[in-house]
Number of protein chains: 2
Amino acid sequence: MNINEKFKLLGVENAPGQEGCINSSNLDIRGLKIPGIPVDFSHGDVDAFPPIPGSLDLFVHGFQKGSKQAYTKYRGSSESLSYLSEKLTAFFHIKICEENIIITPGTQGALFLSVGSLISPGDKIAIVSPDYFANQKLAEFFDAEIIPVHMEYLTDCQKSGINLEELKMAFEKGAKVFLFSNPNNPTGAVYSFQEISEIAAIAKQYDVTIIVDELYSRQIFKEKIYTHLCAMKNCPENVITIIGPSKTESLSGFRLGVAVGPRSIINRMEKLQAIVSLRAPGYSQAVLKCWFSEPRGFMENRIKQHQFIRDNIVDLFKSVPGVSIRSTDGGSYVFPTIPDLDVDILTFVKIVKYLADVTVTPGTEFGRQYVHSIRLNFSQNPDAAIAAVKRIIEVLERYRSKK
Amino acid sequence: MNINEKFKLLGVENAPGQEGCINSSNLDIRGLKIPGIPVDFSHGDVDAFPPIPGSLDLFVHGFQKGSKQAYTKYRGSSESLSYLSEKLTAFFHIKICEENIIITPGTQGALFLSVGSLISPGDKIAIVSPDYFANQKLAEFFDAEIIPVHMEYLTDCQKSGINLEELKMAFEKGAKVFLFSNPNNPTGAVYSFQEISEIAAIAKQYDVTIIVDELYSRQIFKEKIYTHLCAMKNCPENVITIIGPSKTESLSGFRLGVAVGPRSIINRMEKLQAIVSLRAPGYSQAVLKCWFSEPRGFMENRIKQHQFIRDNIVDLFKSVPGVSIRSTDGGSYVFPTIPDLDVDILTFVKIVKYLADVTVTPGTEFGRQYVHSIRLNFSQNPDAAIAAVKRIIEVLERYRSKK
């Protein structure tokens, strides 16, 4: 594949956050616009769920520290690494040393650096389908061969539904790296203890490196059990765990992420970071001090509020004939399957934006076969989100196929 | 080259900013420590030259704008792009539209994205020697074949001394991209109008894409004329110009950079940014509003102050037998050549740190042949910098070879 073809695949027009670029001319518009507060479900709304209290003060304090905070080691300031080593040890329930951590510009930065540190052209990488839209693009950028591993997320809510036979076959075929998100983005599925245990066992057997994106692992809903792969007794040697304060904690605007893993891989990631962006923003790194030190009740409240929105919009979607939806186990996403329409999914997304002033992400961003799915990030103002889902359903009915 | 070999080449131990990692045991220490205020010449000191007044207020204002500022388009917020298009048009003296700009996490981010958008494995890239340490590492990471183009920077201060015959030969041999910094890092040399004009002409003739890193182009010293390649009448079609507010303006802690170029390449860079780090830090982007809008006299003063430090440390180095140095035309670097020592350059750098508490960057970071050079970023407290150079010279004399 030459560089022109590569960048043709690497489209961003329909990626979350890029919806401002959508051109709405030449659409088959049916009926009048449906009024309501605009909602952008492509990402969380940090106005509805503001950043951790005190985060801005920490930034100002970092700025005032001057040169020392502006120019940290590439992997991050010693102070932040030391703080994170304590907090992540408590969170994962395994010992995390400073040398096992790198601070990156967002978790996207951590994903890029980990894939870039492990994959050479032609290497095979196993990727879950559906999963975070960038996983596939990263693999393509590094000229890796993708082996998809399917997840039957609509069948059984006690597990993610990952096809472990397929995973094993991918390893058998020579996959060097397995990359997945838990909770899964876009479906909100959480992997069961049994699944994580089997993933660990197979990866160990085949000596595969695992990258697990646990960005949403602090937002697990009632009665769901979350399992950190890195804390499993049978955990393979090479596991990179990615986490960050951009989601539930709403610190996205500071661009902070973290990767945790074996020293050898973290060292490589630091070398790569040196030529990619030097370091995570220096002053922002000072903000990490409020992460895992939120005011009492902050996280519990946030989870409760998100659970309320989830329950309402899942019920709304469930009431629509032909719609299938899994109720989110963790994180802020739902990924409903919608019935046949008279327009394709990309056009439907544009029409929803035009008629209802609601932004959703087309399923095709998460795997080319998801032509009947849309993803919503429901970290929004609750009333506005519920009203917006009603408008989506109204638009859906206008375009439902009569065939 | 497999990925292990690749990352062995991608060392960061001696890179600027990483000196905290140096191990000083087993050194041949001669004489007592020389007391003085510690100086870190590996990067500028934003305590000595603080950020543009009002930059923190703009950040706070950005934070208060909330979601809109946290989640910008990948290429940057419309507001910032519009502002930059006006300011960069005035600065470069050619029309720069919003669609020709991308905001990146530091100029390092802009360099990475531009090389990553243009180079495939096996492509040939022409790189000046000496030049910014990351240029070569970027080329190696993307498996490009490097064709070095030498610069005789010590001969004639009216020009950079780039060997234009070699450049032409590199293009003749099939180089697809030419990457260089102007003012040159590490030497501080500014390319003459004649040189830039010839570079433009040859690149046009061979249809080569140019990436020019103009990070220091706002800090040009008295009587020196600076030429923006992108504003030349004979400028080739594909020129990427990189600039940012991290140096003279001391905004490095916010992690902001900018690339300007043809729409086709900027679009690619945005696609790549989507998987590398999503976007430059959202709140930080609001800070761009003080760049090119500094208080009256701010830039003039800064240049004058840096010129004062430059004059003093260049005179000090010139007074040492066996030292050659070019006086900086633009930017904050000097790159003196030092005489034969009893220790190699990497050891010397460690000894200077140990005996004099002064950090300098070994010349080998800028090309493996620069075993007699050190780089200093003299954007420091003037008195401390001058005293620190005296200590470097004292250490140098203790290790001067008697052979």
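Looking at this model, I keep getting lost on the nonpolar core. Mind explaining?
If you look at soluble globular proteins, the nonpolar side chains tend to sit buried side by side. Counting 198 residues, the largest nonpolar core has A:Ile199, B:Phe178 and B:Ile199 as the members making the most contacts within it. Those residues in contact with A:Ile199 that sit more than four places away from it in its chain are A:Ile162, A:Leu164, A:Leu167, A:Phe178, A:Phe180, A:Tyr191, A:Ile210 and A:Leu229.

Help me understand unusual backbone geometry in this model?
A cis geometry characterises the amide bond from A:Ser129 onward to A:Pro130, with omega recorded as 5 degrees. Backbone torsion omega between B:Asn185 and B:Pro186 reads 25 degrees, so that peptide bond is classified as cis. Among the structural elements, B:Pro186 can be located in the loop between strand E5 (177-181) and helix H8 (193-206). Residue A:Asp207 is not a glycine yet carries a positive backbone phi of 55 degrees. One can find A:Asp207 in the loop between helix H8 (193-206) and strand E6 (209-213). Even without a glycine there, the phi angle at B:Arg255 is positive, about 60 degrees. For B:Arg255, the position within the fold is in the loop between strand E7 (239-243) and strand E8 (257-260).

Explanation requested: the layout of surface pockets in the structure shown.
Remark: the empty space left among the atoms is shown by a probe the size of a water molecule rolled over them. Approximately 870 Å³ is the volume found for the largest pocket. In this structure, the largest pocket is lined by 35 residues; those nearest its centre are A:Ser67, A:Lys68, A:Gln69, A:Tyr71 and B:His43. Every element with two or more residues in the lining of the largest pocket is listed here: helix H2 (55-65), helix H3 (67-70) and helix H4 (78-92) of chain A together with strand E1 (39-40) of chain B. Along the lines of polarity and charge, the residues of the lining of the largest pocket split into nine nonpolar, 16 polar and ten charged.

Sorry, what's going on with the interface of chain B and chain A here?
One widely used convention gives an interface's size as the accessible area the parts lose upon coming together. Listed per partner, the contact involves 68 residues of chain B and 69 residues of chain A. Summing the contributions of chain B and of chain A, the shared interface buries around 5600 Å²; its carbon and sulfur component is 65%. If you sort the residues of chain B by the area they bury against chain A, B:Tyr71, B:Lys271 and B:Ile275 come out on top, with a joint share of 14%. At the junction of chain B with chain A, the criterion picks out zero salt bridges. Seen at the junction of chain B and chain A, the total is 20 residue pairs in polar contact (both at pLDDT 80 or more). It is helix H9 (residues 263-276) of chain B that provides the largest number of residues to the side of chain B that touches chain A, a total of seven residues.

Would you explain the pattern of salt bridges in this entry?
Pairing of side chains with opposite charge becomes possible as their charged atoms draw close. All chains considered together, the criterion is met by 36 salt bridges over all chains. Residues A:Arg218 and A:Glu249 are paired through a salt bridge, measuring 3.0 Å at the closest nitrogen-oxygen approach. Remark: A:Glu249 occurs in the loop between strand E7 (239-243) and strand E8 (257-260) and A:Arg218 occurs in the loop between E6 and E7; sequence separation between them is 31 residues. Judged by its relative accessible area of 1%, A:Glu249 is buried. Between B:Lys137 and B:Glu365 there is a salt bridge whose closest N-O contact spans 3.4 Å. Note that B:Lys137 is positioned in helix H6 (residues 133-141) and B:Glu365 in the loop between strand E11 (361-362) and strand E12 (374-377), a separation of 228 residues in sequence. Overall, B:Glu365 belongs to the buried group, its relative accessible area being 14%. Look at the salt bridges and you will find they share partners, linking A:Asp28, A:Arg30 and A:Asp342 into a network.

Would you take a moment to explain the relation of the copies chain B and chain A for this structure?
Two copies of a chain can be linked by a rotation about an axis combined with a shift along that same axis. The two copies are related by a screw motion: chain B maps onto chain A through a turn of 180 degrees and a shift of 0.0 Å along the axis, at an RMSD of 0.0 Å. What we have between these two chains is a two-fold relation. Looking at the interface residues of chain B, 99% of them are also at the interface in chain A, so both copies use one shared face.

Hey, could you run me through the pairing of E12(B) in this one?
A regular strand places its side chains on the two faces of the sheet in alternate fashion. Residues and elements named next belong to chain B. Residues Ile374 and Leu376 of E12 are buried on one face, and the alternating residues Arg375 and Asn377, pointing to the opposite face, are buried as well. Sheet topology places E11 next to E12; two bridges connect them, and they run antiparallel. Within E12, the position partnered with Thr361 by the bridge is Arg375.

Is there a simple way to think about the pairing of strand E4 (residues 145-150) of chain A in this case?
Residue and element names in this part refer to chain A. Note: strand E3 (residues 124-129) against E4, six bridges, orientation parallel. Looking at the pairing, Ser129 lines up with His150 of E4. As a crossover connection, the stretch from E3 through helix H6 (residues 133-141) into E4 is right-handed.

For this particular structure, what's the right way to read the sheet that holds E11(B)?
Hydrogen bonds between backbone groups are what pair the strands of a sheet, and the pairing can be parallel or antiparallel. Residue and element names in this part refer to chain B. On the basis of which strands lie adjacent, the open sheet formed by three strands has the order E9-E12-E11 and antiparallel pairing. A single partner strand is all that each edge strand has here, and the edge strands are strand E9 (333-334) and E11. Bridge count between E9 and E12: two bridges; the pairing is antiparallel. Across the sheet, the residue bridging to Val334 is Leu376, located in E12.

Rules and cut-offs
- Residues numbered from 1 in each chain as written.
- Chains lettered and ligands numbered in written order.
- Predicted model: local features only at pLDDT ≥ 70, side-chain atom pairs only at ≥ 80, totals over all residues.
- Heavy atoms only, no water.
- Core = buried A, V, L, I, M, F, W, Y, C linked by side-chain atoms within 4.5 Å.
- Buried < 20%, exposed > 50% of the residue type's maximum accessible area, 1.4 Å probe, protein only.
- Contact = heavy atoms within 4.5 Å.
- Helix = DSSP H or I, 4+ residues; strand = E, 2+ residues; numbered from the N terminus.
- 1 Å grid on protein atoms, 1.4 Å probe; cavity = no way out; pocket = protein on both sides within 12 Å on 5 of 7 lines; lining within 4 Å.
- Points joined across faces, edges and corners; volume = space filled by probe spheres on them.
- Nonpolar A, V, L, I, M, F, W, Y, C, P; charged D, E, K, R; others polar.
- Buried area = accessible area lost by both parts, 1.4 Å probe.
- Salt bridge = Lys/Arg side-chain N within 4 Å of Asp/Glu carboxyl O.
- Polar contact = N/O pair within 3.5 Å; in protein donor to acceptor, adjacent residues only side chain to side chain.
- Least-squares fit on C-alpha atoms with pLDDT ≥ 70 in both.
- Pairing = 2+ DSSP bridges.
- Right-handed = clockwise from strand over helix to strand, strands pointing away.

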